Amino acid sequence: MTKKTHDLVATVGSYTDRETGQEKRNYQNCGFACTNEKGQITSVKILSLPQAFKGMEWEGWLNLYPLKNDPADFEQTPQRQQPQRQQQQQQQQQQTSSYEDDDIPF
């Protein structure tokens, strides 16, 4: 079983902190990585690609950072994913079927 254990993060720009005057970076979460029972990262899911921030360009690097939340909350197992997909499909079918019953007024 694999677990979501890391965030996939891109640095997309920087800014100067008004209070301290220090230069700080802007980050964008782009996905996550999963780890197996042996502690090895086995897969990476990219959910989005970063966009430029205030004219800065993304240089193509993504970094892995340990999750701030409990990884047990994000287990990636087929048994857990399957019911979610089934629920989504059922909701879509219900929405579609309710539209099919409507009469078109023109």
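If you're wondering where the values come from, they're calculated on a predicted model, not measured in any experiment. (Residues numbered from 1 in each chain as written. Predicted model: local features only at pLDDT ≥ 70, side-chain atom pairs only at ≥ 80, totals over all residues. Heavy atoms only, no water.)

Quick word on the side chain of Asp17
And then number 1: Examined against the element boundaries, Asp17 turns out to sit in the loop between strand 1 (2–16) and strand 2 (23–35).
And then number 2: Of the residues examined, Asp17 reaches a relative accessible area of 16% and is grouped as buried.
And then number 3: Excluding residues within four positions of it along the chain, Asp17 makes contact with Gln22 and Lys24. (Helix = DSSP H or I, 4+ residues; strand = E, 2+ residues; numbered from the N terminus. Buried < 20%, exposed > 50% of the residue type's maximum accessible area, 1.4 Å probe, protein only. Contact = heavy atoms within 4.5 Å.)

Some points on the side chain of Thr5
And then number 1: Relative to the assigned elements, Thr5 resides in strand 1.
And then number 2: Judged by relative accessible area, which is 17%, Thr5 ranks as buried.
And then number 3: Within the structure, Thr5 has its side chain in polar contact with the side chain of Thr35 (distance 2.4 Å). (Polar contact = N/O pair within 3.5 Å; in protein donor to acceptor, adjacent residues only side chain to side chain.)

Thoughts on the environment of Cys34
And then number 1: Checked against the element boundaries, Cys34 lands in strand 2.
And then number 2: The sequence separation of Cys34 and Met1 amounts to 33 residues, and the corresponding C-alpha distance is 9.6 Å.

So, the pairing of strand 2
And then number 1: Two strands pair when backbone bridges link them, and strand 1 and strand 2 are joined in this way by 12 bridges, in the antiparallel orientation. Bridge pairing in strand 2 places Asp7 opposite Phe32.
And then number 2: Between strand 1 and strand 2, which follow one another and run antiparallel, lie 6 residues, and Gly21 among them has a positive phi close to 80°.
And then number 3: Pairing geometry for strand 2 and strand 3 (residues 41–46), over 5 bridges, is antiparallel. Residue pairing in the sheet places Gly31 in a bridge with Ile46 of strand 3.
And then number 4: Between strand 2 and the antiparallel strand that follows it, strand 3, lie 5 residues; Gly39 among them carries a positive phi value of about 85°. (Pairing = 2+ DSSP bridges.)

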